[in-house]
Amino acid sequence: MADLRQRAIIKVFRKYSHSLGPEALEFLEDILDKHEISNDDIEFSVEWIAKEYNKQDDAQMKVSLDVLRRVYDTFQTGGDTDGQGDDDFLDSDSNLHVINAYDMPLWNWSTERTAFERKPDPLTISGSAESRVAAVRNRLNIIKQTVLRNDHFSPSTLPSRDRENLLTLRSTKQLLGRAGERFLLFGMLSHSKEGKLCLEDEDGPVVLDFSQLDQPSEGLFTEGCFALIEGDYTEDATLVVIAIGHPPCESREAARSIYGHIDFLGKGATTLAEDVQLADRLRTDLPDLRFFVLSDVWLDHTEAMNGLAKMFDNCVENNFIPKVIVLCGNFSCRGIAQGAARDIRRYQDGFDDLAELIAKYPVITRTTHFVLVPGPADITGNAVLPRRPIMSSFTQKLKSRIPNIHFGTNPCRIKFCDQEMVIFREDLMARMLRNLVGVKPNVREDDLKRYLVQSILDQSHLVPLMTAIHPVHSEFDHSLRLYPLPTTVILADKYERYQMTYEGCHVFNPGSFIGNSFGFTAYIPSRRDSEECILDIDKDD
């Protein structure tokens, strides 16, 4: 019986990347005995202790007995806190950080330690053969560890639990010599040199046969995405697919409870307790605070500038000043021919006109933070993801006139209080649909939007495609990573507007600013929700 309890305790703490010494293990066993915890409730009870331990500022990988005792004592006293600092009004400016892709530290997944390890060396855009392999391997291992932690794959240590419905992942090397058997595999969809669609894992590829699959599960399956595939292995070394699906998505809370001590953004890690406190104060102190998000803001288009002026007028007239205004490209309605001086001059004038327009509204200039994110057709220092900010030669006037101006990479992130927002400007829907493989879904428009959001979040990556389709700097691939799951993802696209919440992550597309009307999206941090905004402008304006 003691061995059974020990295995259950060790398994739960190992899930949170913690190891237990003999003293800590004995202490936990004593707690279970003292409270007469039954065998069926061991994992649930220890899970609560492990989560609370992970929230502590001084929590270590090897469980500290002193910290463990403090967690238990807090539980015994009802978790009272002194409430220090509650009287101070939440300062929105000090809790707002714009993080560019090239400033994020690289955390590689270590299969030996089953934990994240920070790369100490400086990152370069040139990359190397090793970094290109590591980028794909990181994606695979990060998703795989969340799959194996899922309830459908993680067996209980108690023999009384029902194990019949558990799923077991196999690797491609385990298929050899086992024709006629059914397997569940996890790997990346790719094409072989012969042009055949394959599933590839760390041990090798296997050719896929989709002839028996009528319709895949929900989502978009592209070359370069990772998938769970169930099928029958045949004599000709082919896997006849009977089911295909995206890996299960792990919520932000679940991931943060394990890796909350890791500073993925490079702005300092916060504990789960601090996040909860910040979220409560955000709801109390700043319930009406808004972020405005606009996409395809054509600065060389007269109507676009009129629309911005109307938006600013409404803000001032109603005394409703947004904390952040995110302007996503493209910032020109026409392409810029290489070396065309007239086009470049027009492009420059657009940013100068924007600076003049904003400066006309002193209250907005003083209090609002502006974030400019380049689009696919904007002039930046590179054409490979992540894209650098708008070239500084075009933005000198904005820098001199607007004090709170941020020139973001594409993608970039905003950390605000306990929330993490990812901003990505890409015509992603069209690109994903162009690169579908296997069985293509026959769905309505609304389902297509849901499939896109589900696929991106399940893949824990903004661009689940092969680098040959959409090139990415290998040493900065982590800047496109969506793990742990952000609070909000902005997929700015010329596709029509949408908004939805999936696994606790709010995702929206503000759509193009110019259309039949002027449209943008207002994000409400206190509610973690967004609302569509429409501006009607008279043709005479």
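For the structure, check the block above.
Residues numbered from 1 in each chain as written. Predicted model: local features only at pLDDT ≥ 70, side-chain atom pairs only at ≥ 80, totals over all residues. Heavy atoms only, no water.

We now examine the sheet that holds strand β14 (residues 419-425). If you trace the six strands from one edge of the open sheet to the other, you get β1-β13-β14-β15-β17-β16, paired in mixed fashion. Two strands in the sheet have a free side with no partner beyond their single neighbour: β1 (96-100) and β16 (498-502). Each neighbouring strand pair of the sheet contributes to a mean axis angle of 15 degrees, computed without reference to strand direction. For strand β15 (residues 488-492) and strand β17 (residues 505-509), the ladder comprises three bridges, and the chain directions are parallel. Bridge pairing in β17 links Thr-488 to His-506. (Pairing = 2+ DSSP bridges. Helix = DSSP H or I, 4+ residues; strand = E, 2+ residues; numbered from the N terminus. Axes fitted to C-alpha atoms, helices over the stretch in contact; angles between N-to-C directions.)

Applying the stated criterion to the full structure yields three cavities of 30 Å³ or more. As a volume, the largest cavity reaches approximately 300 Å³. Around the largest cavity, the lining comprises 25 residues; the ones closest to its centre are Ile-262, Asp-263, Phe-264, Leu-265 and Glu-420. Those elements that place two or more of their residues in the lining of the largest cavity are α6 (252-259), β13 (412-416) and β14. The element contributing the most residues to the lining of the largest cavity is α6, with three residues. Lining the second largest cavity we find Ile-143, Thr-146, Pro-248, Cys-249, Glu-250, Leu-457, Asp-458, Ser-460, Leu-482, Tyr-483 and Leu-485. Elements represented by at least two residues in the lining of the second largest cavity include exactly α5 (129-149) and α13 (445-458). In terms of residue class, the lining of the second largest cavity is built from seven nonpolar, two polar and two charged. (1 Å grid on protein atoms, 1.4 Å probe; cavity = no way out; pocket = protein on both sides within 12 Å on 5 of 7 lines; lining within 4 Å. Points joined across faces, edges and corners; volume = space filled by probe spheres on them. Nonpolar A, V, L, I, M, F, W, Y, C, P; charged D, E, K, R; others polar.)

Attention shifts here to unusual backbone geometry. Following Gly-329, the chain continues into Asn-330 via a peptide bond in cis, with omega recorded as 5 degrees. On the secondary structure map, Asn-330 appears in the loop between β10 (324-328) and α9 (341-359). In this structure, the amide linkage connecting Tyr-483 to the following residue, Pro-484, adopts the cis form with an omega of -10 degrees. Within the chain, Ala-237 stands out as a residue other than glycine whose phi angle is a positive 60 degrees. With phi around 55 degrees, Cys-417 is a residue other than glycine that occupies positive phi space. The residue Cys-417 is located in the loop between β13 and β14 in this model.

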